[in-house]
Amino acid sequence: MEARDRAGQPATEADLVDVAALVTAYYAEHPDPGEPGQRVAFGTSGHRGSAFRLSFNEDHIAATSQAICDYRALAGITGPLFIGRDTHALSEPAFVTALEVLAANDVDVLADSRGGYTPTPALSRAILVHNEGTPGGRADGIVVTPSHNPPEDGGFKYNPPDGGPAGSHITAAIQDRANELLRGGLRGVRRVRYARAKAAAGSYDFLGEYVGGLPDVVDVGAVRAAGVRIGADPLGGASVAYWGEIAARFGLDLTVVNPVVDATFRFMTLDWDGRIRMDCSSPYAMASLIGRRDEFAIATGNDTDADRHGIVTPDAGLLNPNHYLAAAIDYLFRHRDGWPAGAAVGKTMVSSAIIDRVTEAAGRRLVEVPVGFKWFVPGLLEGSIAFGGEESAGASFLCRDGRVWTTDKDGITLALLASEITAVTGHTPSEHYRALTAELGDPAYARIDAPASREQKAALARLSPDQVNVDELAGEPVLDRQTTAPGNGEPLGGLKVIAASGWFAARPSGTEDVYKLYAESFRGPGQLARIQEEAQQIIATVLKGV
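If you're wondering where the values come from, they're calculated on a predicted model, not measured in any experiment. Residue numbers run consecutively from 1 along every chain, following the written order of its sequence. Local features in a predicted model are, by the rule used here, given only for residues with pLDDT of at least 70; side-chain atom pairs are given and counted only at 80 or more, and totals for whole chains, interfaces and linings are based on all residues. Only hydrogens and water are removed before side-chain values are computed, so all heavy atoms of the structure are retained for them.

J.: It is not clear to me how the pairing of strand S10 (residues 298–302) should be interpreted in this structure. Could you clarify?
T.: Along any regular strand the residues' side chains alternate between the sheet's two faces. In terms of burial, S10 is largely enclosed, as 5 of its 5 residues are buried. Because side chains alternate across S10, one face comprises the buried residues Ile-298, Thr-300 and Asn-302, and the other comprises Ala-299 and Gly-301, equally buried. Judged from the 4 bridges that link them, strand S8 (residues 230–233) and S10 form a sheet pairing that is parallel. Residue pairing across strands places Ile-230 opposite Ile-298, the latter belonging to S10. Note on pairing: two strands pair once DSSP finds at least 2 bridges between them. Every helix listed is a DSSP run of H or I at least four residues long, and every strand listed is a run of E at least two residues long, numbered separately from the N terminus. In the sheet, S10 pairs with strand S11 (residues 309–313) via 4 bridges, with the strands oriented antiparallel. Bridge pairing links Gly-301 to Gly-310 in S11. Joining the antiparallel neighbours S10 and S11 is a turn of 6 residues, in which Ala-306 adopts a positive phi near 60 degrees. With a 1.4 Å probe rolled over the protein chains alone, any residue whose accessible area is under 20% of its type maximum counts as buried; one over 50% counts as exposed, and the rest are partly exposed.

Now the structure itself:
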């Protein structure tokens with residue numbers, strides 16, 4: 001993706017969303033359920049959209065909240081529903097709408113006792129703790145967040161009683177019911193006034209419970225003893241109060257470099273496309289923190305709901321997410337004696353193959369799944385997967401004694417782990433990664449986007465291996481052509497072609513008329529470019545005539 005001229009530069013007034021107009025559009029504008037782009041659509045991380053585009057308005061949230069209530073009734077979920085929100089402008093009104101519908105359906109709602117913001121991992125942790133230690137009905141949850149998306153966007157995620165992102169069978173049922181309610185003019189939606197809903201809601205100390213449990217998963221004592229100097233940037237998101245509490249409770253040398261919450265996110269630097277986006281894996285969005293890297297031994301960023309991590313070191317700047325995952329896996333399997341001997345490493349099919357080599361060197365089994373953190377949930381829950389990670393900077397791992405910590409992505413613990421690695425070994429994660437590549441090979445990895453129509457994207461998602469007639473990739477014999485994941489047999493929703501020292505994978509975007517092309521070579525950037533060129537030719541041939 002080619003960066004725009006202003007990528008990495010501070011946002012100006014002209015870049016900022018009109019929050020008042022956005023919230024007005026949320027309440028005043030009504031979607032047309034006959035238009036595909038205006039319906040409820042659950043992707044890998046819930047329903048997302050913008051009130052300006054008629055894709056995230058009050059009607060959507062009222063319908064989706066009622067659909068969740070209907071699903072809970074059918075599934076026999078009778079425990080409390082934990083609900084949290086992030087700092088996006090649309091999160092507050094959507095939170096209010098959801099409370100009004102949940103209360104009307106007699107759902108026992110638990111919201112933040114401090115009236116603050118709730119990171120996704122804190123909500124996942126709350127669900128798991130309740131369901132493990134409290135007799136009675138199982139709990140589930142909703143996080144109102146579009147993750148790292150631009151300020152004008154809103155998002156709505158459902159986490160079932162396993163604590164992780166809802167599986168496709170659940171999201172499809174909720175999505176279909178919500179759209180049925182939209183088509184019916186919301187006549188099936190039950191709702192009460194906000195004052196009654198607010199009075200009916202119970203409370204839960206998300207921050208206190210989550211932070212209090214952190215020593216179970218990260219060796220904060222080692223970080224404190226080593227005096228690791230940490231800079232934490234919440235990027236204006238839900239983790240803002242959490243980092244201050246972490247510093248105070250554990251006596252860490254930790255500075256919250258930006259404690260400001262502002263729904264315009266005016267303090268951000270622009271992402272690659274010139275838009276404001278709280279993507280902690282982007283060197284453009286993280287430019288301010290990267291510029292301060294010499295002030296800290298470890299500097300970290302989180303996206304707006306804190307389910308992603310960005311790691312900055314003085315010697316390397318912002319680590320590529322694949323590089324940090326590899327270093328983290330290598331370190332954890334050397335320093336977690338309490339983990340089950342047979343616990344595996346989970347990775348997505350489009351993550352770097354350096355993870356495969358690190359896993360093999362650690363003597364562990366690799367579980368390779370399609371894109372989506374939901375595929376790691378059962379393994380993390382039962383302890384058969386000790387670490388699950390995605391190339392997009394999302395991961396979670398088990399407690400130090402092998403118990404489950406979260407079953408959703410946890411950017412806070414991954415950020416703290418970088419300081420633990422530095423404290424225990426005396427070397428930064430980036431230094432560890434360079435040592436790994438000296439032993440296991442140094443891959444060149446990239447993702448690009450290529451144009452594709454809606455029909456072509458659908459065809460790509462339905463591919464079977466026998467439709468791909470290719471025996472050679474960049475001068476090497478093709479070892480495998482995959483359209484399903486080797487770890488669980490689930491569809492990739494695209495194609496992966498593998499050779500001895502390189503591979504590519506192509507899958508359609510869920511939101512844009514492009515397909516995403518991931519590629520990697522252990523023979524350098526030149527070979528990577530050749531793989532990308534041949535991959536585009538292969539995909540073009542496959543999609544020809546569609």
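J.: Hey, could you run me through helix H12 (residues 354–361) in this one?
T.: Helical geometry: 3.6 residues make up each α-helical turn, so side chains three or four residues apart lie on a common side. Those residues of H12 that fall on the buried side of the exposure criterion are Ile-354, Ile-355, Val-358 and Thr-359. Down the axis, H12 shows its buried residues gathered within 135 degrees of arc, on one side only. Exposed residues on H12 whose side chains face more than 90 degrees from its buried face are Glu-360 and Ala-361. Against the buried residues of H12 lie helix H11 (321–335), strand S13 (344–348), strand S14 (366–369), helix H15 (429–440) and strand S23 (514–521). Directly beyond the C-terminal end of H12, a positive phi value near 75 degrees is found at Gly-363. Our arc is simply the arc of the directions from the helix axis toward the C-beta atoms. We call two residues in contact whenever any of their non-hydrogen atoms come within 4.5 Å of each other.

J.: Just to check I follow, could you spell out the pairing of S13 for this structure?
T.: With 5 of 5 residues buried, S13 lies mostly within the body of the structure. Alternating positions in S13 separate into two faces, Ala-344, Gly-346 and Thr-348 on one and Val-345 and Lys-347 on the other, with burial throughout. One ladder, built from 4 bridges, connects S13 with strand S15 (residues 385–390); its direction is parallel. The residue of S15 that forms the bridge with Lys-347 is Gly-389. Pairing between S13 and S14: 4 bridges, direction parallel. Within S14, the position partnered with Gly-346 by the bridge is Val-367. The handedness of the S13 to S14 crossover, carried by H12, is right-handed. Handedness of a crossover is defined as follows: with both strands directed away from the viewer, a clockwise route from the first strand across the helix to the second makes it right-handed.

J.: Where do I start with the nonpolar core in this structure?
T.: In summary, soluble globular proteins display a tendency toward joint burial of nonpolar side chains. Counting residues in hydrophobic clusters, the biggest one holds 78 residues, and the most contacted among them are Phe-82, Leu-214, Ile-246, Tyr-324, Phe-387, Phe-397 and Leu-417. Discounting chain neighbours no more than four positions away, the residues touching Phe-82 are Leu-110, Leu-123, Ala-126, Ile-127, His-130, Ala-139, Asp-140, Gly-141, Ile-142, Tyr-204 and Phe-206. Put simply, buried Ala, Val, Leu, Ile, Met, Phe, Trp, Tyr and Cys residues joined by side-chain atoms within 4.5 Å make one nonpolar core. In this structure, Val-40, Phe-56, Ala-104 and Ile-174 belong to the second largest nonpolar core, which totals 44 residues.

J.: Would you take a moment to explain the sheet that holds strand S21 (residues 491–498) for this structure?
T.: By definition, the strands of a sheet pair up through backbone hydrogen bonds, in either a parallel or an antiparallel sense. Pairing is antiparallel across the open sheet formed by 5 strands, whose spatial order is S17-S23-S22-S21-S20. In this open sheet, the two edge strands, each paired with only one partner strand, are strand S17 (444–451) and strand S20 (480–484). Averaged over all pairs of adjacent strands, the angle between strand axes in this sheet comes to 15 degrees, irrespective of strand direction. With 4 bridges joining them, S21 and strand S22 (residues 502–508) adopt antiparallel strand pairing. The residue of S22 that forms the bridge with Lys-496 is Ala-505. Helix H16 (residues 454–461) rests against S21, S22 and S23 of the sheet, and its axis sits at about 125 degrees to S22. The axes used here are C-alpha line fits, helices contributing only the stretch in contact, and every angle between their N-to-C directions lies in the interval 0 to 180 degrees.

J.: What should I look at first to understand the environment of Asp-279 in this one?
T.: Note that Asp-279 resides in the loop between strand S9 (254–256) and helix H10 (287–290). In sequence terms Asp-279 and Leu-479 are 200 residues apart; their C-alpha atoms lie 35 Å from each other. Ignoring any residue separated from it by four or fewer positions in sequence, one finds Asp-279 in contact with His-148, Asp-271, Ala-285, Met-286 and Arg-308. Whenever two N or O atoms come within 3.5 Å, that pair is a polar contact, provided that in protein one can donate a hydrogen and the other can accept it, and provided that, for residues adjacent in sequence, both atoms are side-chain atoms. Side chain to side chain, Asp-279 and Ser-281 meet in a polar contact 2.7 Å long.

J.: In this structure, what is going on with unusual backbone geometry? I would like to understand it.
T.: Generally, phi is negative for residues other than glycine and the peptide bonds are trans, each holding for most cases. Backbone geometry at Phe-265 places phi at a positive 55 degrees, although glycine is not the residue there. Using a relative accessible area of 0% as the deciding quantity, one classes Phe-265 as buried. At Ala-306, a position not held by glycine, the phi torsion is positive, near 60 degrees. Here Ala-306 lies in the loop between S10 and S11. Exposure remark for Ala-306: the relative accessible area of 0% places this residue in the buried category.

J.: What is the right way to read the pattern of salt bridges from this model?
T.: Oppositely charged side chains are able to pair whenever their charged atoms sit close together. Each reported salt bridge corresponds to a side-chain nitrogen of Lys or Arg within 4 Å of a carboxyl oxygen of Asp or Glu. On inspection of all chains with the given rule, the structure shows 34 salt bridges. One salt bridge in this structure joins Asp-219 and Arg-400, with 3.8 Å as the shortest N-O distance. Here the residue Asp-219 occupies a position in the loop between helix H7 (206–213) and helix H8 (220–226), and Arg-400 occupies one in the loop between strand S16 (394–397) and helix H14 (411–425), the gap between them amounting to 181 residues. A relative accessible area of 34% places Arg-400 in the partly exposed class. Where salt bridges share partners, they join Lys-157, Asp-305, Asp-307, Glu-390 and Lys-409 into one cluster.

J.: How should I be thinking about the sheet that holds strand S4 (residues 109–112) in this particular structure?
T.: Pairing is mixed across the open sheet formed by 7 strands, whose spatial order is S1-S2-S6-S5-S3-S4-S7. Each having just a single partner strand, strand S1 (42–43) and strand S7 (202–204) make up the two edges of the open sheet. In this sheet, strand S6 (residues 153–159) lies alongside strand S2 (residues 46–50) in antiparallel orientation, the contact comprising 4 bridges. Residue Ser-50 lies in a different strand from S6, and its bridge partner there is Asp-153. Along the sheet, H7 contacts strand S3 (81–85), S4 and S7; its crossing angle with S4, the most-contacted strand, is approximately 75 degrees.

J.: Before we go on, may I ask you to explain the packing of aromatic side chains in this structure?
T.: Each aromatic ring pair is summarised here by two numbers: the centre-to-centre distance and the angle between the ring planes. Two rings from Phe, Tyr or Trp (for Trp, the six-membered ring) form a pair when their centres are within 6.5 Å of each other. A pair whose planes differ by under 30 degrees is stacked, one over 60 is edge-to-face, and the rest are tilted. Within the structure shown, the criterion is met by 14 aromatic pairs. Where Phe-82 meets Phe-206, the ring centres are 6.0 Å apart and the plane angle is 70 degrees; that geometry is what we call edge-to-face. One end of the pair, Phe-82, is in strand S3; the other, Phe-206, is in helix H7, with 124 residues separating them in the sequence. Considered together, Phe-82 and Phe-206 belong to a single accessibility category, that of buried residues. Pairing Phe-333 with Trp-339 gives two aromatic rings, centres 5.2 Å apart and planes at 80 degrees, and the pair type is edge-to-face. Here Phe-333 matches Trp-339 in class, with each residue buried. Through a chain of ring-to-ring contacts, the aromatic side chains of Phe-333, Trp-339, Phe-387 and Phe-397 assemble into a single cluster. Only lysine NZ and arginine CZ atoms are considered, and such an atom sits over a ring when it is within 6 Å of the ring centre and within 35 degrees of the ring normal. Directly above the ring of Phe-95 sits Arg-85, whose terminal nitrogen or CZ lies 4.6 Å from the centroid. One residue, Lys-496, lies across the ring of Trp-503, its end atom 4.5 Å from the ring centre.

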